[in-house]
There are 2 protein chains.
Amino acid sequence: MDILRELRESGLKVTIPRLRILQLFQEGTIKHLSADDVYKLLLAEKIDVGLATIYRVLMQFAEAGILFRRHFESGHAVFELNEGQHHDHLVCTGCGKVDEFVDEGIELRQNEIAAERGFVLHEHALSLYGTCAECTAKKIPPRRA
Amino acid sequence: MDILRELRESGLKVTIPRLRILQLFQEGTIKHLSADDVYKLLLAEKIDVGLATIYRVLMQFAEAGILFRRHFESGHAVFELNEGQHHDHLVCTGCGKVDEFVDEGIELRQNEIAAERGFVLHEHALSLYGTCAECTAKKIPPRRA
DNA sequence: CTGTATGCAAAATCTTTGCAGCCTG
DNA sequence: CAGGCTGCAAAGATTTTGCATACAG
């Protein structure tokens with residue numbers, strides 16, 4: 001199993017919480033999960049786990065490069081699988097849906113801008129906030145800033 | 001005074017805390033301030049103010065469109081003056097310095113991307129994280145994710 | 001005067017840490 | 001069997017809310 005290898009290569013012991021958490025992300029049903037989301041999902045599976053463990057595991061996964069930690073405007077962190085391919089986010093403020101995209105042109109300009117200012121870029125986050133087609137149809141108003 | 005008008009137009013009474021907070025941002029010495037930054041600055045000015053008031057005022061200013069509320073990777077919110085001109089951020093993870101930029105090409109692509117997906121865009125945030133020239137010279141390593 | 005705004009303290013969130021015992025390798 | 005891992009509870013950090021009093025208009 002590929003999950004096992006990923007854990008071992010990070011020097012992490014294979015435990016029930018780690019396995020289940022990683023599986024949750026790899027299933028891909030919901031790509032962006034907060035610590036609390038994960039907690040609730042595991043409890044629903046009758047897995048006896050503490051929130052503290054979730055936070056510790058998510059942090060370790062992020063440090064190991066297995067997951068990314070994102071901060072949308074929500075005030076709390078959400079995690080998503082690192083699938084190699086970098087991408088940016090399009091967040092619907094109506095229903096919370098998160099869409100992903102990549103744009104080569106934008107990536108290039110970012111590097112140019114950083115270079116012009118003498119910055120060595122090691123990460124970037126582009127998030128677009130809007131109302132998706134369904135929410136527009138339902139006339140759900142843009143969330144206030 | 002222009003500050004007074006801005007407050008009155010938002011239907012907010014002109015009080016010492018509001019005046020001082022708005023002045024802090026308009027002075028522009030530091031463009032991005034957290035609630036706690038503002039609190040400390042006001043205390044240093046011998047102004048008797050509570051943290052709760054700062055949060056309330058910052059929130060009201062953000063709702064009135066006077067300030068923007070940003071979430072960089074720090075886990076807490078920072079505010080900056082709404083100077084009309086939209087811009088994005090280049091954050092140094094070494095010293096915390098925040099640089100600003102605008103790129104017409106990126107703006108255009110963002111709108112196209114949103115349109116392609118049926119989103120009505122009402123906001124976006126692009127933050128580049130890197131190491132600035134000075135920190136690179138001092139060999140300050142990129143902060144871990 | 002009237003309704004807002006404020007300071008203080010308590011509560012609510014989200015996240016991290018300490019600790020004794022459990023489990024993987 | 002040793003060291004890492006876990007759950008629980010407590011502590012931290014940031015932000016919000018309740019309430020009586022103070023102040024702007």
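All of these numbers come straight from a predicted model, not from anything done at the bench.

About the thresholds
Residues numbered from 1 in each chain as written. Chains lettered and ligands numbered in written order. Predicted model: local features only at pLDDT ≥ 70, side-chain atom pairs only at ≥ 80, totals over all residues. Heavy atoms only, no water. Contact = heavy atoms within 4.5 Å. Buried area = accessible area lost by both parts, 1.4 Å probe. Salt bridge = Lys/Arg side-chain N within 4 Å of Asp/Glu carboxyl O. Domains from an automatic or database assignment. Polar contact = N/O pair within 3.5 Å; in protein donor to acceptor, adjacent residues only side chain to side chain. Nonpolar A, V, L, I, M, F, W, Y, C, P; charged D, E, K, R; others polar. UniProt positions renumbered as here; feature names shortened; annotations may be inferred. Helix = DSSP H or I, 4+ residues; strand = E, 2+ residues; numbered from the N terminus. Buried < 20%, exposed > 50% of the residue type's maximum accessible area, 1.4 Å probe, protein only. 1 Å grid on protein atoms, 1.4 Å probe; cavity = no way out; pocket = protein on both sides within 12 Å on 5 of 7 lines; lining within 4 Å. Points joined across faces, edges and corners; volume = space filled by probe spheres on them.

Looking at the interface of chain B and chain A
Contacts between the two partners involve 40 residues from chain B, matched on the other side by 39 residues from chain A. Carbon and sulfur atoms make up 61% of the area that chain B and chain A hide from each other, which totals about 3700 Å². For the chain B face of the interface with chain A, the top three residues by lost area are His71(B), Phe119(B) and His122(B), together amounting to 17%. Here chain B is connected to chain A by three salt bridges. Here Asp99(A) and Arg117(B) are joined by a salt bridge, their closest N and O atoms 4.0 Å apart.

Overview of the domain arrangement of chain A
Residues and elements named next belong to chain A. We note that the domain assignment places domain 1 (1-81) and domain 2 (85-144) within chain A. Relative to domain 2, the C-alpha centre of domain 1 lies at a distance of 23 Å. Between domain 1 and domain 2 lies a buried interface of about 690 Å² when both sides are counted; carbon and sulfur atoms form 51% of it. The largest per-residue losses of area from domain 1 upon contact with domain 2 belong to Arg70, Phe72 and Glu73, which jointly make up 61% of the total buried on that side. Our count for the domain 1 to domain 2 interface comes out at one salt bridge. A salt bridge links Glu100 to Lys31; the nearest nitrogen and oxygen atoms lie 3.3 Å apart. At the surface where domain 1 touches domain 2, the tally comes to six residue pairs in polar contact (both at pLDDT 80 or more). Split into classes, the residues belonging to the side of domain 1 that touches domain 2 amount to one nonpolar, one polar and four charged.

Some thoughts on the UniProt feature "binding site: Zn(2+)" (unreviewed entry) in chain A
Residues annotated in UniProt with the feature "binding site: Zn(2+)" (unreviewed entry) correspond here to Cys92(A), Cys95(A), Cys132(A) and Cys135(A). Their sequence span is 44 residues, while the largest C-alpha to C-alpha distance among them is just 8.2 Å; these annotated residues converge on one region. Assignment of secondary structure puts Cys92(A) in strand β4 (residues 88-92). Setting aside residues up to four positions removed in sequence, Cys92(A) forms contacts with Lys97(A), Gly130(A), Thr131(A), Cys132(A), Cys135(A) and Phe119(B). Its location among the elements puts Cys95(A) in the loop between β4 and β5 (98-101). Given a relative accessible area of 45%, Cys95(A) falls into the partly exposed group.

Quick word on empty space enclosed by the protein
A water-sized probe rolled over the atoms picks out the places where empty space is left. On inspection of all chains with the given rule, the structure shows one cavity of 30 Å³ or more. Taken as a whole, the largest cavity holds about 240 Å³ of empty space. Along the walls of the largest cavity sit 26 residues, with His71(A), Ser127(A), His71(B), Ala125(B) and Ser127(B) positioned nearest its centre. Put simply, the parts of the chain that give the lining of the largest cavity at least two residues each are β4 and β6 (120-131) of chain A together with β2 (67-70), β4 (88-92) and β6 (120-131) of chain B. Taken together, the residues of the lining of the largest cavity sort by class into eight nonpolar, ten polar and eight charged.

What to know about the UniProt feature "binding site: Fe cation" (unreviewed entry) in chain A
Residues and elements named next belong to chain A. Following the UniProt record, the feature "binding site: Fe cation" (unreviewed entry) maps to His86, Asp88, Glu107 and His124 here. Look at the named residues: they lie 39 residues apart in sequence, but the longest C-alpha span between them is just 9.9 Å, so in the fold they bunch up. In this structure, the largest cavity is lined, among the annotated residues mentioned, by Asp88. Within the element layout of this structure, Glu107 appears in helix α5 (residues 104-116). For Glu107, a relative accessible area of 13% puts it in the buried group.

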